[in-house]
Amino acid sequence: MMTGAAAIAAGGAGSARQPRNAALPAVIFAIFALMPAFAALTAQHYLVDTGTRIIVYAVAAVALDLLVGYGGLISFGQAAFIGLGAYAVGILSAAGIGDALVSLPVAIAVSMAFAWITGVVCIRTKGVYFIMITLAFGQMVYFLATSLAPYGGDNGLTIDARNTIAGWPVLKNDTAFYYFAFLCLLATYLLCRALIASRFGRVLRGTKENATRMAAIGFTVQRFQLIAYVIAGGIGGVSGFLLANSTEFVAPAYMAWQQSGELIVMVILGGVGTLDGAIVGSAVYLLAEEWLSGLTENWQVIFGPFLVLVVLFARGGLIGFCARLRLRHG
Amino acid sequence: MGEPVLRIKGLCKSFGSLLVNDDVTLDVMPGEMLAVIGPNGAGKTTLINQISGLLPPDAGTIMFDGADVTALPPQARALRGLARSFQITSILPGFSVLENVALAVQARSGSSLRFFGRADREARLNPPALAALEQAGIADRAHLPAGELSHGEKRALELAIALAMQPALLLLDEPMAGIGREETERQIELLLRLKGKLTMVLVEHDMSAVFALADRISVLIRGRVLRTGLPADVRADPQVVTAYLGEQME
């Protein structure tokens, strides 16, 4: 899987090996932009909720792909940042502070601070150890949240109302909230695209390809990895902010390790090292969950083998699979 | 000639009970090419790895450009002007040939903590990178993925990366290993052109290359420096011939 991921990341990184489909992100975002209109026309209002859920997780998955696909850092603790962002909203709201102008920056800052403190330790490890230690820190926050008795402990905590924006309760409207989340995803995507192409991103991609070579030409590899980890953590906080507001509820389950695992599945399913794949992966995963769980309670029995097939036969995830199909048919 | 660029004193390194470098002392003068030769397992790569900072020595000091760098990590030595090639080619296979070199330029041209603006279009990075590729004779390959180069071209790319670092000292770990006769000739020619302009330490098994290039030769046998001297003297030394050159010259 790793060599496959490396090859794909190299392609996504703009080498001649696998040219990126420039139209794909435009198509993805156009679909998201038109979704509420489609839902209204066909009177399927639940689609807006589903779309919001997809967008919320896509934000975290795109950030995770920045780490996995471009930095070679397989973080198994991305959900911790979702949880931290969500709890920032929940705790502030309980204290009577319900404005996004405060809670969004706080959610980002708390997540980044946690990423910085734990990242300093995590970045010193490699491979499986990195996976384990990010998992361990994630579980640490999870258990911390379950022990927060004043904020619901295991049961979580209900938020009275969605955040206002400078006192304006616009996010109460589900469609307005959808578009707010949409803008967050667009901003996340554009930010990560810019990062990847920048000087910083080029060094980060280089550390994934060959860390020894990067050190030999004078780069302090760990510094770049740590910064990437902190950025991805901050974006995870944004995802948590959105999740708490969309459900008006915060619970430790948001940051359970299974949640981190699901994010990794989303990234791999869509195609590692493409950013687009993280969005596609979140959509397919969550839609499959919704559809299959309507058929059977044990929907993962069906989804599991599907995922195995994707990993085995669709190298580069769904995006890589579609790109190869297109090549084959002219 | 002035002060030595590199001054190694009493360097020792063992792996477990195996003594790989035993009291190695060497000076490299500005502009010279010092070749380090010796049989397999003599500790040549271990020596290079300690000079470049990949391995910490057990004892001894490494002075580079007048400063003690014994405790510095590889990236800090690189920024002081110490460049190296690897025995097993070490490049970024998924990057274009040009980007491989442009990264080396980037490492010493302004901060890399810039998060916006496309690095691959920066005017101050690409021209110097291209110049280094021209020097190494692979400028026509600039836009290929580095992984698709032939083995000899990858060797040349490593050299271009090192040149782009504008090094005060260049460590070459078996630059002719595993490449064909014709490519070896080209590599020797290239290094001959660099001779005198750059200070270099060359580890190499190909004796025709060593005697064509080296100003001085150090012979390493079982981790110890058996002899350091001019090529002609080293070649004539009976001890060196018995220990190493005999089998090489047959």
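The model shown is predicted, which means the values in this text are computed figures rather than measured ones.

Side note on the overall build of chain B
A count of helical and extended segments in chain B gives 9 helices and 10 strands. Over its C-alpha atoms chain B spans a radius of gyration of 18 Å, differing by no more than 12% from the 18 Å that the globule rule assigns to 250 residues. When its C-alpha atoms are laid out on the principal axes, chain B stretches across 60 × 40 × 40 Å. Counting every position in chain B, which comprises 250 residues, the buried fraction comes to 47%. The contacts of chain B with a sequence gap of at least 6 include a subset with a gap of at least 24, amounting to 67%.

Notes on the overall build of chain A
Helix and strand content of chain A: 14 helices and 2 strands. Relative to the globule expectation of 20 Å for 330 residues, the C-alpha radius of gyration of chain A, 19 Å, shows essentially globular dimensions. By its C-alpha atoms, chain A is 50 × 45 × 40 Å across when sized along the principal axes. Looking at chain A residue by residue over its 330 residues, the buried ones come to 53%. Taking as baseline every contact in chain A between residues at least 6 positions apart, the subset at least 24 positions apart corresponds to 77%.

A few points about the sheet that holds strand β6 (residues 82–85) of chain B
All names here are of chain B. The strand order β6-β7-β8-β3-β9-β10 describes an open sheet built from 6 strands, whose pairing is mixed. Since the sheet does not close on itself, it has two edges, and those belong to β6 and β10 (224–229), each with one partner. Neighbour to neighbour, the strand axes of the sheet diverge by 15 degrees on average, direction disregarded. Where strand β9 (residues 216–221) and β10 come together, 5 bridges link them in antiparallel fashion. Looking across to β10, one finds that L220 is bridged to V225. Along the sheet face, helix α1 (residues 44–52) touches β3 (33–37), β6, β7 (169–173), β8 (200–203) and β9 and points at about 150 degrees away from the line of β7.

Quick notes on the pairing of β3(B)
Residues and elements named next belong to chain B. Burial runs high along β3: 5 of the 5 residues are buried. Side-chain alternation along β3 places M33, A35 and I37 on one buried face and L34 and V36 on a second face that is also buried. Two strands pair when backbone bridges link them, and β3 and β8 are joined in this way by 4 bridges, in the parallel orientation. Of the residues in β8, the one forming a bridge with V36 is V203. As judged from the 4 bridges shared by β3 and β9, these two strands associate in the parallel manner. Along β9, the bridge assignment pairs L34 with R216.

Notes on the interface of chain B and chain A
Taken together, the contact pairs 32 residues of chain B with 25 residues of chain A. For the side of chain B that touches chain A, the secondary structure elements donating two or more residues are α2 (74–79) and α3 (97–107) of chain B. Taken together, the residues of the side of chain B that touches chain A sort by class into 18 nonpolar, 9 polar and 5 charged.

Observations concerning the sheet that holds strand β2 (residues 18–28) of chain B
To summarise the sheet geometry, strands pair through backbone hydrogen bonds and adopt either a parallel or an antiparallel arrangement. Residues and elements named next belong to chain B. Overall, antiparallel pairing links the 4 strands, which are arranged β2-β1-β4-β5 in an open sheet. The open sheet has two edge strands, β2 and β5 (67–68), and neither has a second partner. Sheet analysis places strand β1 (residues 6–15) next to β2, joined by 7 bridges and oriented antiparallel. Paired with R7 across the strands is D27, a residue of β2.

Things to note about the packing of helix α11 (residues 257–270) of chain A against helix α14 (residues 317–328) of chain A
Residue and element names in this part refer to chain A. At a minimum axis separation of 3 Å, α11 and α14 run at an interaxial angle of 5 degrees. Of the possible angle classes, the one that applies to α11 and α14 is roughly parallel. Two secondary-structure elements touch here, α11 through I268, L269 and G270 and α14 through G317, L318 and I319. Partitioned by chemical class, the residues of the contact of α11 with α14 number 4 nonpolar, 2 polar and no charged.

Here we look at α14(A)
Taking 1.5 Å per residue, 12 residues should reach 16 Å; α14(A) reaches 17 Å between its end C-alpha atoms and fits that length. Those residues of α14(A) not exposed but buried are A:G317, A:L318, A:I319 and A:G320.

Some remarks on the nonpolar core
Counting residues in hydrophobic clusters, the biggest one holds 177 residues, and the most contacted among them are A:V59, A:V62, A:L64, B:V101 and B:A160. Counting residues per element, this core draws most heavily on helix α3 (residues 46–71) of chain A, at 15 residues. Sequence-distant contacts of A:V62, that is, excluding residues within four places in its chain, are made with A:T188, A:Y189, A:C192, A:L275, A:A278 and A:I279.

As for the confidence of the model for chain B
On average, chain B scores 92 in pLDDT, and the residues at 70 or more come to 98%. With a pTM of 0.90, the predicted complex shows an ipTM of 0.86.

Quick word on unusual backbone geometry
Glycine aside, negative phi is the norm for most residues, and most peptide bonds take the trans geometry. Backbone geometry places A:E248, a non-glycine residue, at a positive phi of 55 degrees. Locating A:E248 in the fold gives a position in the loop between α10 (221–247) and β2 (249–250). For A:E248, a count of 15 C-beta atoms within 10 Å corresponds to the partly exposed category. One non-glycine residue, B:D65, lies in positive phi territory at about 55 degrees.

Some thoughts on helix α2 (residues 23–41) of chain A
Residue and element names in this part refer to chain A. For α2, with 19 residues, the first-to-last C-alpha span of 26 Å sits near the 27 Å given by 1.5 Å per residue. The sharpest bend along α2 reaches about 40 degrees and sits at M35, with the proline P36 one to four residues further on. The first or second residue beyond α2 is A43, which carries a positive phi of 55 degrees.

Things to note about the environment of A:S260
Residues and elements named next belong to chain A. You can see S260 is positioned in helix α11. The exposure class of S260 is buried, given the 28 C-beta atoms found within 10 Å. In the structure, S260 is positioned 126 residues away from T134 in sequence and 9.9 Å away in space, judged by C-alpha atoms.

A word on the packing of α3(A) against α10(A)
All names here are of chain A. Remark: α3 packs on α10, axes separated minimally by 9 Å, with the N-to-C direction vectors making an angle of 170 degrees. Viewed along their axes, α3 and α10 adopt a mutual orientation that is roughly antiparallel. Residue-level contacts link T52, V56, Y57, V59, A60, A63, L64, L66, L67 and G71 of α3 to Q225, A228, Y229, A232, I235, G236, V238, S239, L242, L243 and S246 of α10. Residues of the contact of α3 with α10, tallied by class, amount to 15 nonpolar, 6 polar and no charged.

Considerations on the environment of B:T46
Residue and element names in this part refer to chain B. On the secondary structure map, T46 appears in helix α1. Linking T46 and G180, residues 134 residues apart in sequence, is a C-alpha distance of 25 Å. When residues no more than four places from it in sequence are discounted, the contact partners of T46 are K13, V20, N21 and L55.

Rules used throughout
- Residues numbered from 1 in each chain as written.
- Chains lettered and ligands numbered in written order.
- Predicted model: local features only at pLDDT ≥ 70, side-chain atom pairs only at ≥ 80, totals over all residues.
- Helix = DSSP H or I, 4+ residues; strand = E, 2+ residues; numbered from the N terminus.
- Rg over C-alpha atoms; globule rule 2.2 N^0.38 Å.
- Buried ≥ 20, exposed ≤ 12 C-beta atoms within 10 Å, placed from the backbone.
- Contact = placed C-beta atoms within 7 Å.
- Pairing = 2+ DSSP bridges.
- Axes fitted to C-alpha atoms, helices over the stretch in contact; angles between N-to-C directions.
- Nonpolar A, V, L, I, M, F, W, Y, C, P; charged D, E, K, R; others polar.
- Parallel < 35°, antiparallel > 145°, perpendicular 65-115°, else oblique.
- Expected span 1.5 Å × (residues − 1).
- Core = buried A, V, L, I, M, F, W, Y, C linked by C-beta atoms within 7 Å.
- pLDDT = per-residue confidence, 0-100.
- Bend = angle between axes of the 7 residues up to and from the residue.

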